[in-house]
Amino acid sequence: MLELQTETYIDAPVERVWRVLMDFAAYSEWNPFIRSIRGKPEVGSRLDVEIGASGARPMRFRPTVLVVVPNREFRWLGHLGIRGLFDGEHVFELTPAGPRSTRFVQGERFGGIFLPFLARRLEKDVRRGFEEMNRALGGRAGRPPNDSAPTGKA
């Protein structure tokens, strides 16, 4: 078993971070790690996910949604081929860190018989991907809701 976890603090309320996280259609606009997700964030549904850190070849898989707790947790379980060869349970957790701040945790627990052959690459590429996505999520969610820039007179 290998577990990777990253966390960051985002200057936005959990509701705004959650909206960005659940807006799968917009992932290609901002997310450098999870390049696309198709499907519904509903327990038991299957997603079509393309994932890959910068510089890494992307991978496509079809995980099953395990947990959806609005403004709190989103979790899926994916397999490479058949269950037990290489499995990954991915989690996003959001916790209020004040009225306008969110603690965001992204993690994955890997297992399966292929894990020893993939562990080194996972440690490097997946952790980097998590960190890239965390930064991008903070940038996206931390903007004003209408994405307008402040105006002023010179």
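What you are looking at is a predicted structure, and each value in this text was computed from that prediction instead of being measured.

(A) Region of interest: the packing of aromatic side chains. Going through the model one piece at a time under the given rule, you end up with 10 aromatic pairs. Taking the centre distance of 5.6 Å and the plane angle of 15 degrees together, the rings of Phe-86 and Phe-110 count as stacked. Of this pair, Phe-86 sits in the loop between β6 (73-79) and β7 (87-96) while Phe-110 sits in strand β8 (residues 102-111), placing them 24 residues apart in sequence. Residue Phe-86 is classed as buried on the basis of its relative accessible area, which comes to 9%. Classification of Phe-110 as buried rests on a relative accessible area of 4%. One aromatic cluster is present, built from ring pairs that chain together Phe-24, Tyr-27, Trp-30, Phe-61, Phe-74, Trp-76, Phe-92 and Phe-104.

(B) Representation of the nonpolar core. Core analysis: the biggest nonpolar cluster contains 38 residues, and Leu-21, Ile-34, Phe-74 and Trp-76 have the highest contact counts within it. Per-element accounting of this core gives the leading share, eight residues, to helix α3 (residues 115-141). In this structure Phe-74 touches Trp-18, Met-22, Phe-24, Pro-41, Leu-47, Val-65, Val-67, Val-68, His-90, Val-91 and Phe-92, once residues within four positions along its chain are discounted.

(C) The pattern of salt bridges, seen in detail. Counted under the stated rule, the structure contains 13 salt bridges. Taking the shortest distance from any N to any O, the salt bridge between Arg-103 and Glu-7 comes out at 2.8 Å. With a gap of 96 residues between them, Arg-103 in strand β8 and Glu-7 in strand β1 (residues 2-10) connect regions that are remote in the sequence. Relative accessible area serves as the criterion here: at 25%, Arg-103 is assigned to the partly exposed category. Between Glu-93 and Arg-75 there is a salt bridge, with the nearest N and O atoms lying 3.8 Å from each other. Highlighted residues: Glu-93 in strand β7 and Arg-75 in strand β6, separated in sequence by 18 residues. Assessed through its relative accessible area of 28%, Glu-93 is described here as partly exposed.

Each value, and the rule that gives it
Residues numbered from 1 in each chain as written. Predicted model: local features only at pLDDT ≥ 70, side-chain atom pairs only at ≥ 80, totals over all residues. Heavy atoms only, no water. Phe/Tyr/Trp six-rings, centres within 6.5 Å; stacked < 30°, edge-to-face > 60°. Helix = DSSP H or I, 4+ residues; strand = E, 2+ residues; numbered from the N terminus. Buried < 20%, exposed > 50% of the residue type's maximum accessible area, 1.4 Å probe, protein only. Core = buried A, V, L, I, M, F, W, Y, C linked by side-chain atoms within 4.5 Å. Contact = heavy atoms within 4.5 Å. Salt bridge = Lys/Arg side-chain N within 4 Å of Asp/Glu carboxyl O.

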